[in-house]
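Commentary on secondary and tertiary structure
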Amino acid sequence: KRYSLAQYSAIVPMCGGVMMCTVGEINFHMLGFTAVVASTLLRGVKSILQGRLLTAPEERLDAMLLLYHMSRESLLPLGLYSSLVEYQAYYDPQLSGPGAPRLWGLVLLSGLVSFFLNLANF
């Protein structure tokens, strides 16, 4: 897929605005900035690979099968990461108190919205 010069030139003001925001940021840290840039680049690579898998004539996958394969592979690393970072949330009294069913219902609803959003993005 090719892009025109006008489309490439539209990136310049956006990147310039981001650079101006980060220069004056009081809480700027190079590690956080590097993580954001890396995650953006990796998201782009993921989108390109997904597009190729969904449109390749010789090995074309449907959206549901691609989502199935992607979710299996990401369950373990994301589960471990959330267990390490959010370990204090396991002992939160709100998760087992009187408002817990509503809270767990919202968590389930959030997961369903995320699922359908991912399915629609393919």
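Residues numbered from 1 in each chain as written. Predicted model: local features only at pLDDT ≥ 70, side-chain atom pairs only at ≥ 80, totals over all residues. Heavy atoms only, no water.

**A few points about the overall build of the protein**
Each helix and strand in the protein was counted, giving five helices and zero strands. Secondary structure of the protein in N-to-C order comes out as α-α-α-α-α. Scaling as 2.2 N^0.38, a compact globule of 122 residues should have a C-alpha radius of gyration of about 14 Å, whereas the protein reaches 20 Å, well beyond that. Structurally, the protein occupies a C-alpha span of about 60 × 50 × 25 Å along its principal axes. Split into buried and exposed, the 122 residues of the protein put 5% on the buried side. (Helix = DSSP H or I, 4+ residues; strand = E, 2+ residues; numbered from the N terminus. Rg over C-alpha atoms; globule rule 2.2 N^0.38 Å. Buried < 20%, exposed > 50% of the residue type's maximum accessible area, 1.4 Å probe, protein only.)

**What to know about the environment of Ala6**
Counting through the fold element by element, Ala6 comes out in helix α1 (residues 5-9). For Ala6, a relative accessible area of 53% translates into the label exposed. For the pair formed by Ala6 and Pro93, sequence separation is 87 residues and the distance between their alpha carbons is 54 Å.

**What about the environment of Leu67?**
Inspection of the secondary structure assignment puts Leu67 in helix α4 (residues 63-85). You can call Leu67 buried: its relative accessible area is 10%. Note: C-alpha distance between Leu67 and Asn118 (51 residues apart in sequence) is 7.5 Å.

**Looking at the layout of surface pockets**
In this structure, the largest pocket spans a volume of roughly 270 Å³. In terms of lining, the largest pocket is formed by 12 residues, of which the most central are Leu67, Met70, Ser71, Ser74 and Leu75. Of all elements in the fold, only α4 and α5 (100-121) reach the threshold of two or more residues within the lining of the largest pocket. Considering each element in turn, the lining of the largest pocket owes the most residues, eight residues, to α4. Of the residues belonging to the lining of the largest pocket, the class tally is eight nonpolar, three polar and one charged. (1 Å grid on protein atoms, 1.4 Å probe; cavity = no way out; pocket = protein on both sides within 12 Å on 5 of 7 lines; lining within 4 Å. Points joined across faces, edges and corners; volume = space filled by probe spheres on them. Nonpolar A, V, L, I, M, F, W, Y, C, P; charged D, E, K, R; others polar.)

**Considering the packing of aromatic side chains**
Each aromatic ring pair is described using two quantities: the centre-to-centre distance and the angle formed by the ring planes. A complete count under the given rule lists two aromatic pairs for this structure. Taking 6.1 Å as the distance between ring centres and 80° as the angle between the ring planes, the aromatic pair formed by Tyr3 and Tyr8 counts as edge-to-face. A residue is classified by how much of its surface remains accessible, and Tyr3, at 45% relative accessible area, is partly exposed. Given a relative accessible area of 48%, Tyr8 falls into the partly exposed group. With a centroid separation of 5.1 Å and an interplanar angle of 70°, the aromatic rings of Phe115 and Phe116 are classed as edge-to-face. (Phe/Tyr/Trp six-rings, centres within 6.5 Å; stacked < 30°, edge-to-face > 60°.)

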